[in-house]
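Given next are the chains, with one letter for each unit.
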2 protein chains.
Amino acid sequence: MNIIKVEVLPSAGSAILPYLDDKLVVVIDVLRATSTMVTALANGCQAIVPVLTAEEAVEKRWALPGSLLGGERRSLRMEGFDLGNSPFDYVPEKVGGKRVIMTTTNGTRAIRAAAGAKHVWMASFLNLQSVARAVGHKVEEEPDLGGLVIFCAGTEGRFDLPDTFCAGLLIQELGREAELNDLGQAARTLYGAAEGHLPDAIRGSEHGRRLVSLGFEQDVIYCATCNILPIVPAFVEGEVVWLTDL
Amino acid sequence: MNIIKVEVLPSAGSAILPYLDDKLVVVIDVLRATSTMVTALANGCQAIVPVLTAEEAVEKRWALPGSLLGGERRSLRMEGFDLGNSPFDYVPEKVGGKRVIMTTTNGTRAIRAAAGAKHVWMASFLNLQSVARAVGHKVEEEPDLGGLVIFCAGTEGRFDLPDTFCAGLLIQELGREAELNDLGQAARTLYGAAEGHLPDAIRGSEHGRRLVSLGFEQDVIYCATCNILPIVPAFVEGEVVWLTDL
């Protein structure tokens, strides 16, 4: 089993990262974009189209009739949008069989920033184990893969505890020797310290506290739930889809 | 005893941080700028003048005859400079009674970025306890202080484990209730996990490994030593000096 090089990187807005072309990137935005995308796909959503701005979302809908608009600014649904950024908005009755054009402050920008990578997948606690297994297979299948980049979409470019915990659990679940950068080492230690009281640790983070104060406590609790959705979402040809050829 | 608001921030280059005017900022660059500054002051250096570029350093020397030039690029001393960024360069025979004009990749830039704060101090493991005590006094003395910002100069704007450990120890040594941002919570946990094997943890960081590979292992070991220098350096009127009116 070869040693895998794992870099955990904080989000840096939507600037496209330049050196990813031989890498597998896993984008994490626990609160809430990637958790919500995984949930949407599990509920029958056909694809999510991540866009950077509300204007781009509205334009895109002209090209994709029948699709829904989703996302947030300052954690809240935007005027004229069908869905917010809460996973509970993305129920089967609303998203089943449909495309959602989505723009969020951090998550969708991070996906676009990573678009040049060999593979771009999304993780959250909800689907963590499935992603970890898929990463393991991919590393075996593609010996020329340049490594794994875990891209924490975070909160407006700042260090974000929930995403870092999730990165740490992903590293732990890989269960193989890894060469880690500083943030990777930190993520592993921080997840280890939070294990067993993860929902409290996430609720106590800056973003967790803000969402609770806005009335989204149930979202925070749901997003802290591990391994309930066996889905690996991938960004392919401009859309986030359920990756089935694993 | 009032609750203190503590934000740990990663370095963001030399962009001046805008909202610091009522805050006490402690700049940390364990490997090696703030460790070296503390050492220089302990060895009789009169003041350190942080500048952003080698050109600015050379210009400044014209205005300050008799001063020395110090600093690094890519961890190495620059041509024409008297001193590098190793604390072992800053011995009493060289720096005693003199000013050092200094430019480093991260530390001196972070000091300049924080220049608008009410107070700007420097910490390293070497002088940690003295800084922690002084912070405690300052918080009591100035009830209108807007909080403490711990500014991790890091490695070219990336998350840096040694600085984060040091921030964590500073939070621990404050010994008072603190309202922490995510990176502050992480710093406290990460220091707790590294306590007892701090030199190894620092050597195992990205920056630690790079310095060891360049032959600076003794620097790394020295910079991981706690509380041997009872000095609080402060940035006052463009210079880093030993703060004696505590």
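Rules and cut-offs
The numbers attached to residues start from 1 for each chain and follow its sequence in the written order. Numbering of ligands from 1 and lettering of chains from A proceed in the order in which they are written. A pLDDT threshold of at least 70 governs which residues receive local features in this predicted model, and a stricter bar of 80 or more applies before side-chain atom pairs are shown or counted, although totals over entire chains, interfaces and linings include all residues. Values shown for side chains rest on all heavy atoms present in the structure; no hydrogens or waters enter the calculation. Strands are runs of DSSP state E lasting at least 2 residues, helices are runs of H or I lasting at least 4, and numbering of each runs from the N terminus. Computation of the radius of gyration draws on C-alpha atoms alone. For the globule rule, the value is 2.2 Å times the number of residues to the power 0.38. Here's how the labels work: a residue is buried when its accessible area is under 20% of the maximum for its type, exposed when over 50%, partly exposed in between, all with a 1.4 Å probe on protein chains only. Contacts are residue-level and defined by heavy atoms, with any inter-residue pair within 4.5 Å sufficient. Computed by Shrake-Rupley with a 1.4 Å probe, the accessible areas treat only the displayed protein chains as cover when residues are assessed. All tallies of charge rest on Lys and Arg as positive and Asp and Glu as negative; His and the ends of each chain are not included. By convention, the point assigned to a charge is CZ for Arg, NZ for Lys, CD for Glu and CG for Asp. Definition used for salt bridges: Asp or Glu carboxyl oxygen within 4 Å of a side-chain nitrogen of Lys or Arg. Least-squares fitting of one copy onto the other uses the C-alpha atoms of those residues that reach a pLDDT of at least 70 in both copies. Once two parts are put together, the accessible area they lose, assessed with a 1.4 Å probe and summed over both, is termed the buried area. Under the rule applied, a polar contact is a pair of N or O atoms within 3.5 Å (in protein, one hydrogen donor and one hydrogen acceptor; residues adjacent in sequence only if both atoms are side-chain atoms). For this classification, Asp, Glu, Lys and Arg are treated as charged, while Ala, Val, Leu, Ile, Met, Phe, Trp, Tyr, Cys and Pro are nonpolar and the rest, including Gly, are polar. At least two DSSP bridges between two strands are required for those strands to pair. In the cavity and pocket records, a cavity denotes points on a 1 Å grid over the protein atoms alone where a 1.4 Å probe fits but cannot get out, a pocket denotes an open set with protein on both sides within 12 Å along at least 5 of 7 lines, and lining residues are residues with an atom within 4 Å of a point. Grid points are joined across faces, edges and corners, and a volume is the space filled by probe spheres set on the points.

Moving on, we get to the overall build of chain A. Looking only at helices and strands, chain A features 10 helices and 10 strands. Here chain A has a C-alpha radius of gyration of 17 Å; the compact-globule value for 246 residues is 18 Å, and the two agree. Split into buried and exposed, the 246 residues of chain A put 57% on the buried side. Nonlocal contacts in chain A, meaning residues at least 24 apart in sequence, comprise 77% of its contacts between residues at least 6 apart. Counting every atom, chain A has about 9800 Å² of accessible surface; 51% of that belongs to carbon and sulfur. Computing the positive centroid from 22 side-chain charges and the negative centroid from 31, chain A places the two 4 Å apart.

Under the defined criterion, the tally for this structure stands at 28 salt bridges over all chains. A cluster of three or more residues bridged by salt bridges with shared partners is formed by A:K118, A:K138, A:E141, A:E142 and A:D144.

Superposing chain B onto chain A takes a rotation of 180° combined with a translation of 0.0 Å along the rotation axis, leaving an RMSD of 0.0 Å. What the superposition gives is, in effect, a two-fold axis relating one chain to the other. Ranked by how close their C-alpha atoms come to the rotation axis, the residues of chain B are headed by B:L190, at 3.5 Å. Same-surface contact between copies: 100% of interface residues of chain B are shared with the interface of chain A.

On to the interface of chain B and chain A, then. How big an interface is tends to be stated in terms of the accessible area lost upon association of its parts. In this assembly, 19 residues from chain B lie in contact with 19 residues from chain A. Carbon and sulfur atoms make up 56% of the area that chain B and chain A hide from each other, which totals about 1500 Å². In this assembly, chain B and chain A are joined by two salt bridges. In this structure, the salt-bridge partner of A:R158 is B:E7, at a minimum N-O distance of 3.8 Å. Where chain B touches chain A, the interface holds six residue pairs in polar contact (both at pLDDT 80 or more). For the side of chain B that touches chain A, the element with the highest residue contribution is helix α7 (residues 182–194) of chain B, accounting for seven residues. A class-by-class count of the residues in the side of chain B that touches chain A yields eight nonpolar, five polar and six charged.

Let's shift gears to the pairing of strand β5 (residues 99–103) of chain B. Residue and element names in this part refer to chain B. Of all five residues making up β5, four are buried, and the element is well covered by its neighbours. Two elements, strand β3 (residues 47–50) and β5, share four bridges in a ladder whose sense is parallel. Looking across to β5, one finds that P50 is bridged to M102. Where strand β4 (residues 68–71) lies against β5, four bridges are found, and the strand directions are parallel. Within the sheet, the bridge partner assigned to G70 lies in β5 and is M102.

A word on unusual backbone geometry. Residue and element names in this part refer to chain A. In this structure, R32 follows L31 across a cis peptide bond, with omega equal to 5°. Within the secondary structure, R32 sits in the loop between β2 (24–28) and α1 (33–42). With phi around 55°, R74 is a residue other than glycine that occupies positive phi space. For R74, the position within the fold is in the loop between β4 (68–71) and α3 (92–95). What makes R74 exposed here is its relative accessible area of 77%.

Now for the environment of B:L183. One can find B:L183 in helix α7. Relative accessible area serves as the criterion here: at 4%, B:L183 is assigned to the buried category. Once the C-alpha coordinates of B:L183 and B:F216 are considered, the two residues, 33 residues apart in sequence, prove to be 28 Å apart. Excluding residues within four positions of it along the chain, B:L183 makes contact with A:F159, B:V8, B:L9, B:P10 and B:F159.

Quick look at the layout of surface pockets now. Approximately 260 Å³ is the volume attributed to the second largest pocket. At the level of elements, β1 (4–10) and β8 (178–180) of chain A together with α9 (206–213) of chain B are the ones that each hand at least two residues to the lining of the second largest pocket. Residue contributions to the lining of the second largest pocket peak at four residues, all from α9(B). Its residues placed into classes, the lining of the second largest pocket shows three nonpolar, three polar and nine charged.

What follows covers the pairing of β2(A). Residues and elements named next belong to chain A. The element β2 is largely enclosed, with a buried count of five among its five residues. Of the two faces of β2, both are covered, the one formed by L24, V26 and I28 as well as the one formed by V25 and V27. In the sheet, β2 pairs with strand β6 (residues 119–123) via five bridges, with the strands oriented parallel. Across the sheet, residue V25 finds its bridge partner in β6, namely V120. Relative to strand β7 (residues 148–152), β2 runs parallel, the two being bridged by five bridges. Looking at β7, one finds that V27 is bridged to F151.

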